[in-house]
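Observations on chain architecture
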Amino acid sequence: MRSRYSAYALDRADHLVRTWHPRTRPGTIEPDGDLVWEGLEITEVVDGGEGDERGVVAFRARWRSGSTTGEQVERSRFVRRGGRWIYLDGDTG
């Protein structure tokens, strides 16, 4: 989760593509260059350990765009594929 947050913050769409399940990944990924990501707080972790094939990470990510601020709150699902964790999908709220 932290690497994906960093990829959004640094406009690294290549990392997002590599860490997003091909079944759920959109055709194009274009981070919003106007957003400045200001912090990530992990609020919940379910499974995702060494012996697990699935995991959940809930987070709150703060952003700023000009004088507007906000946050993205999501409960993300990850699966292990080829020995690596990849983002499957998530519920925002």
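The present account deals with the structure reproduced in this document. (Residues numbered from 1 in each chain as written. Predicted model: local features only at pLDDT ≥ 70, side-chain atom pairs only at ≥ 80, totals over all residues. Heavy atoms only, no water.)

**A closer look at unusual backbone geometry**
Quick note on the threshold: To qualify as a helix, a DSSP run of H or I must reach at least 4 residues; to qualify as a strand, a run of E must reach at least 2; elements of each kind are numbered from the N terminus. Accessible area is worked out with a 1.4 Å probe on protein chains only. A residue is then buried under 20% of its type maximum, exposed over 50%, and partly exposed in between.
Of note in the backbone geometry, Asp11 takes a positive phi value of approximately 55 degrees without being a glycine. Relative to the helices and strands, Asp11 is located in the loop between α1 (2–9) and α2 (13–18). The exposure class assigned to Asp11 is partly exposed, which follows from its relative accessible area of 43%. Phi is positive for Asp47, close to 60 degrees, though the residue is something other than glycine. Inspection of the secondary structure puts Asp47 in strand β1 (residues 36–47). On the basis of relative accessibility, which here comes to 55%, the residue Asp47 falls in the exposed class.

**Structural notes on the sheet that holds β1**
Filter applied, for reference: Strands are labelled as partners when DSSP assigns at least two bridges between them. Axis angles are defined between N-to-C directions and span 0 to 180 degrees, where every axis is a line fitted to C-alpha atoms and, for a helix, only to the segment in contact. Two residues qualify as a contact provided that any one of their heavy atoms is within 4.5 Å of a heavy atom in the partner residue.
Pairing is antiparallel across the open sheet formed by four strands, whose spatial order is β1-β2-β3-β4. One side of each edge strand has no neighbouring strand; the edge strands of this open sheet are β1 and β4 (84–92). Here the average twist between neighbouring strands, direction ignored, is 30 degrees. Here strand β2 (residues 54–65) runs beside strand β3 (residues 68–81); their pairing, made up of twelve bridges, is antiparallel. Directly across from Arg60, in β3, lies its bridge partner Val73. On top of the sheet, α1 reaches β1, β2, β3 and β4; it is set at about 160 degrees to β1, its chief contact.

**A look at the nonpolar core**
We apply this condition: Here, nonpolar core means buried Ala, Val, Leu, Ile, Met, Phe, Trp, Tyr and Cys residues that are tied together by side-chain atoms lying within 4.5 Å of each other.
Of all hydrophobic cores here, the largest spans seven residues; its members are Ala7, Leu16, Trp20, Ile29, Val57, Phe78 and Tyr87. Other than its neighbours up to four places away in sequence, Tyr87 contacts Arg4, Thr19, Trp20, His21, Thr24, Glu74, Ser76, Arg77 and Phe78. In this structure, Tyr5, Trp37, Ala61 and Trp63 belong to the second largest nonpolar core, which totals five residues.

**Here's the deal with the packing of aromatic side chains**
Just so we agree on the cut-off: Whether two aromatic rings pair depends on their centres lying within 6.5 Å, for rings of Phe, Tyr and Trp, where Trp uses its six-membered ring; planes under 30 degrees apart make the pair stacked, over 60 edge-to-face, and the rest tilted.
Tallying each qualifying case throughout the model produces four aromatic pairs. Aromatic side chains Trp20 and Tyr87 sit 5.2 Å apart centroid to centroid with 85 degrees between the ring planes, which places their arrangement in the edge-to-face category. With Trp20 in the loop between α2 and β1 and Tyr87 in strand β4, this pair connects stretches of sequence that are 67 residues apart. For Trp20, a relative accessible area of 12% gives the class buried. Accessibility expressed as a relative area gives 9% for Tyr87, which makes it buried. Through pairs of rings, three or more aromatic residues link up here, namely Tyr5, Tyr8 and Trp37.

**Re the pairing of β3**
What sits between the antiparallel neighbours β2 and β3 is a turn of two residues, in which Gly66 has the positive phi angle 65 degrees. Pairing between β3 and β4: eight bridges, direction antiparallel. Among the inter-strand pairings, Ser76 is bridged to a residue of β4, identified as Gly90. Counted between consecutive antiparallel strands, the loop separating β3 from β4 contains two residues, among which Gly82 sits at a positive phi close to 60 degrees.

Purely spatial values, then, with no claim about function.
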